[in-house]
Amino acid sequence: MPKFLIESLLRRARTEPAPPADETALTELGRCLDAAAHRRLGRSLAIREVDAGSCNGCELEIHALNNAIYDLERFGLKFVASPRHADVLMVTGPVTLNMREALIRTHAATPDPKWVVAVGDCAIDGGVFAGSYAIAGGVDAVVPVDLHIRGCPPSPTALLEGLIALVDKSA
Amino acid sequence: MSLRAALFDQALRVEPQKPWPRIVVDEENWARAAFGLHAGDVTLTALWGEPGRVHMALLEEATGEILVLTLDCPNGTFPSVGATHAPALRLERTVREMVGLVPEGCPDDRPWLDHSRWGLAHPLGDATPAPAEGAPYPFLPAEGPPMHQIPVGPVHAGIIEPGHFRFTANGETVVRLEERLGWVHKGIERLMIGAEIERAARIAGRVSGDSTVAHSIGFAHAVEAAAGIEPPRRAAWLRALMAEIERVANHLGDVGAVCNDAAFSVMLSQCGQLRERVLRAADTAFGHRLMMDRVVPGGVAADLADPWPVAEMVAAVRAVFPRLVTLYDTTASLQNRTVTTGRLDPALAKRWGAGGHVGRGAGRRFDSRRLPGYPPYDVLRFDVPVREEGDVDARVWIRILEIGESLKMIEQILAGLPTGPIRVEVPAGAAGAEGVAMVEAFRGDTFVWVRLDGAGRIARAHLRDASVFQWPLIEAAIAYNIVADFPLLNKSFNCSYSGHDL
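Residues numbered from 1 in each chain as written. Chains lettered and ligands numbered in written order. Predicted model: local features only at pLDDT ≥ 70, side-chain atom pairs only at ≥ 80, totals over all residues.

### A few points about the overall build of chain A
A count of helices and strands for chain A gives seven helices and five strands. Mapped in sequence order, the helices and strands of chain A form the string α-α-α-β-α-β-β-α-β-α-β-α. Against the 2.2 N^0.38 benchmark of 16 Å for 171 residues, chain A shows a C-alpha radius of gyration of 17 Å, consistent with a compact globule. The buried share of chain A, reckoned over its 171 residues, is 50%. Within chain A, residue pairs in contact and separated by at least 24 positions form 84% of the contacts whose partners lie at least 6 positions apart. (Helix = DSSP H or I, 4+ residues; strand = E, 2+ residues; numbered from the N terminus. Rg over C-alpha atoms; globule rule 2.2 N^0.38 Å. Buried ≥ 20, exposed ≤ 12 C-beta atoms within 10 Å, placed from the backbone. Contact = placed C-beta atoms within 7 Å.)

### Topic: the overall build of chain B
Summing up its helical and strand segments, chain B has 17 helices and 18 strands in all. Expected size for 502 residues packed as a compact globule is a radius of gyration near 23 Å; at 22 Å, chain B falls within 12% of this value. By principal-axis analysis of the C-alpha atoms, chain B measures approximately 70 × 60 × 50 Å. The buried share of chain B, taken over its 502 residues, is 55%.

### A look at the packing of helix α8 (residues 265-286) of chain B against helix α9 (residues 308-330) of chain B
Residues and elements named next belong to chain B. Close contact between α8 and α9 brings their axes to 10 Å; oriented N to C, the two are set at 165°. Viewed along their axes, α8 and α9 adopt a mutual orientation that is roughly antiparallel. Here α8 runs over α9; the crossing is left-handed. Along the contact surface, α8 presents Met267, Gln270, Cys271, Leu274, Arg277, Val278, Ala281, Thr284 and Ala285, while α9 presents Pro309, Val310, Met313, Ala316, Val317, Val320, Phe321, Leu324, Leu327 and Tyr328. Residue classes in the contact of α8 with α9 are distributed as 16 nonpolar, two polar and one charged. (Axes fitted to C-alpha atoms, helices over the stretch in contact; angles between N-to-C directions. Parallel < 35°, antiparallel > 145°, perpendicular 65-115°, else oblique. Left-handed = near helix turned anticlockwise from the far one by under 90°. Nonpolar A, V, L, I, M, F, W, Y, C, P; charged D, E, K, R; others polar.)

### Notes on helix α6 (residues 212-227) of chain B
The terminal C-alpha atoms of α6(B), which comprises 16 residues, lie 22 Å apart, in line with the 22 Å expected from a rise of 1.5 Å per residue. The positive-phi residue at the C-terminal boundary of α6(B) is Gly228(B), with phi of around 75°. (Expected span 1.5 Å × (residues − 1).)

### Topic: the packing of α9(B) against helix α14 (residues 392-416) of chain B
Residue and element names in this part refer to chain B. Their axes nearest at 11 Å, the elements α9 and α14 cross at an angle of 160°. As judged from the angle between their axes, α9 and α14 are roughly antiparallel. Viewed along their axes, α9 and α14 form a crossing whose handedness is left-handed. Taken together, the residues of α14 that come into contact with α9 (itself represented by Val310, Ala311, Val314, Val317, Arg318, Phe321 and Val325) are Ile400, Ile403, Leu407, Ile410, Glu411 and Leu414. Across the contact of α9 with α14, the residue classes break down as 11 nonpolar, no polar and two charged.

### Topic: the interface of chain A and chain B
Facing the 41 residues of chain A at the interface are 42 residues of chain B. Counting residues per element, the ones that place at least two in the side of chain A that touches chain B are α1 (2-10), β1 (45-51), α4 (57-64) and α5 (97-109) of chain A. Per-element accounting of the side of chain A that touches chain B gives the leading share, seven residues, to α5(A). Among the residues forming the side of chain A that touches chain B, the class breakdown is 23 nonpolar, 12 polar and six charged.

### Points about the nonpolar core
Residues Val91(A), Val119(A), Val139(A), Leu58(B), Ala222(B) and Val278(B) are the most contacted members of the largest nonpolar core, which totals 203 residues. Ranked by residue count, the leading element in this core is helix α7 (residues 233-261) of chain B, at 16 residues. The residues touching Leu58(B), leaving out its near neighbours within four places in the chain, are Arg4(B), Ala33(B), Val42(B), Leu44(B), Thr45(B), Ile66(B), Leu67(B) and Leu69(B). (Core = buried A, V, L, I, M, F, W, Y, C linked by C-beta atoms within 7 Å.)

### Looking at the environment of Glu28(B)
Residue and element names in this part refer to chain B. The topology assignment puts Glu28 in helix α2 (residues 27-39). The class of Glu28 is exposed, set by 9 C-beta atoms lying within 10 Å. Spatially, the C-alpha atoms of Glu28 and Gln10 are 9.9 Å apart, while their sequence positions differ by 18 residues.

### Points about the sheet that holds strand β6 (residues 65-72) of chain B
Residues and elements named next belong to chain B. Strand order across the open sheet formed by five strands is β1-β3-β6-β5-β4, with mixed pairing between neighbours. Whereas interior strands pair on both sides, the edge strands pair on one side only; in this sheet they are β1 (13-15) and β4 (43-50). Each strand of the sheet is rotated relative to its neighbour by a mean of 25°, with strand direction disregarded. Direction of pairing for β1 relative to strand β3 (residues 22-25): antiparallel, over a ladder of three bridges. (Pairing = 2+ DSSP bridges.)

### Concerning unusual backbone geometry
Residue and element names in this part refer to chain A. Residue Pro153 is bonded to the preceding Cys152 through a cis peptide linkage, with omega at -15°. Residue position: Pro153 is located in the loop between β5 (147-149) and α7 (156-170). Although it is not a glycine, Asn56 adopts a positive phi angle of roughly 85°. If you trace the backbone, Asn56 turns up in the loop between β1 and α4.

### Points about the sheet that holds strand β17 (residues 444-452) of chain B
Residues and elements named next belong to chain B. With respect to topology, four strands assemble into an open sheet ordered β2-β16-β17-β18, the strand pairing being mixed. Every other strand in the sheet has two partners, leaving β2 (17-18) and β18 (458-464) as the edge strands with one partner each. Bridging between β2 and strand β16 (residues 434-441) involves two bridges; their strand directions are parallel. Of the residues in β16, the one forming a bridge with Gln17 is Glu434. Contacts from α6 reach β2, β16, β17 and β18, with the element oriented near 155° to β16.

### Structural notes on the confidence of the model for chain A
Counting all residues, the mean pLDDT for chain A is 88, and 91% of those residues have values of 70 or more. Taken element by element, the predicted model of chain A shows its lowest mean pLDDT in helix α3 (residues 35-41) of chain A (62) and its highest in α5(A) (97). (pLDDT = per-residue confidence, 0-100.)

### Overview of the pairing of strand β4 (residues 115-119) of chain A
Residue and element names in this part refer to chain A. Extensive coverage of β4 is indicated by the burial of five of its five residues. Judged by which residues are buried, β4 turns out to be covered on both faces: Trp115, Val117 and Val119 on one side and Val116 and Ala118 on the other are all buried. Sheet analysis places strand β3 (residues 88-92) next to β4, joined by five bridges and oriented parallel. Looking across to β4, one finds that Val88 is bridged to Trp115. Taken together, β3, α5 and β4 constitute a β-α-β crossover, and its handedness is right-handed. Across three bridges, β4 lies against β5 in parallel orientation. Across the sheet, Ala118 pairs through a bridge with His148, a residue of β5. (Right-handed = clockwise from strand over helix to strand, strands pointing away.)

Here is the structure:
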């Protein structure tokens, strides 16, 4: 193992350059971030991920943000284990009615100021599950959303573009 | 005579289902099948309902033959299979709440997926209005002075799907774990009713995002069987190529994540990079990182223009992965966490018909690519690794060995890929035509049943993810382990919540 670790230390980092902030996201975010919040939080935001009924495709790509290639933490963004430590709720899925209350409670447990990022096509309007008896039909239907990141699922790059827009706007 | 043949002899009617028959039986033979399941003559592979009848798919493991039994329920009841054969319990609870048919004698009458939130009861049956304020759920008791309960979920600490785990512990030792699932129930089977085949295929591809290729193949097989067509040969090979890429990507992710749950993060970092490499190859080759909607009824939607990115990916994984395997195998502190942890009794794996790394890590040899088998696996050369230990380590090793087998298959597919068309038109099929399929996802065998309406739409469908028969086994495997080992055990199973909840 030591050999392996030393090699890893000496090798060039695998992390790729950051994509630019997403223009649509910047426009959408223009409405919702105020100067006081920027001053208090700077560029460092803690994200709590909430799966509200996704097929787990979005989770796979959100996971990828933590790998060495995308390395989300270099932007001051990191995933945390509790909503009480979070500034951002990242919500996936069409919000199943079985998860509705859990999402509302998680949102309530997140201290202000907070932002909600809805990730994936079904988080926008239910996606392929629209019209089902078992879903609320998008995150907007349950908690207010500040930023939508589209895709089924959005690629890690698309997620980064949206999240970079979030830190750029809040910085 | 085998039980399957004996039941077939006693059929009241044989229904037009392809490629395996569906027979209507009387209550006596339904009960006989339940005892056959209990005796281990056949394996329960699915149990589902529709208004007025209940179906049960039996698998004969030695031959890979499947038989679907149907029992008409004019009184709205059917004799419980779960009373004799525990793996049917959650399925019968689901039939009761989704369709409204009552399993008589079922020892568990609690709801399962229905949390009283939908505002309606029996969504796959009469769909009557019902209260939607949520009902309390009585967990099974575990009593005694030193016991304490630990509720976990549905919102978990990591980036994972929602589910609730109720631990009862004595100090650090887990005395009882009870799962409560259903949080991500999206009503998939109801959405399927009346959906155009193309739309239904998109939904089937989102039963469980990590197994999108496998579920799409299963759904396509079932529709093609019902419509009486076969996909072009090149399409079958491309499907297998995508399925094996999906398996490699998921196994790499899991090996890294299991080690990370034992606080060995260097494996997560390394496996994460390899996984990214695999997903990028998939993106370049088929235009989508997870290859969603690339497998469609009738063939595939994307041809492989250039095999080079895939071949390069195989070489890249081969260059690094063996060193990671050595690292796993020679790090005593890591082995200390995985070896003997979360041992699954091989008898339970057999009884529940657990597939994939869960079953094959505990001595159950079944792999649906071999039996019943489907093209092109009949001409591909591959081993099906099996371990007997049933612990976390065994499940990691099955994944490690399967990555090697999948890479071999990917090379064979690239070398032998037939030329020709990749898609044929799917005819509407006869009204009431039915098809079933069993396909091997990275987690194990998945089962699909569809009925066409004759106008290019799905009349009814049932999809059963591999997780359905794996989830209950976690409750058994965690017993007498410490609470802190649960994440490790849970990750080593890596059951799908979405695939289970539908």
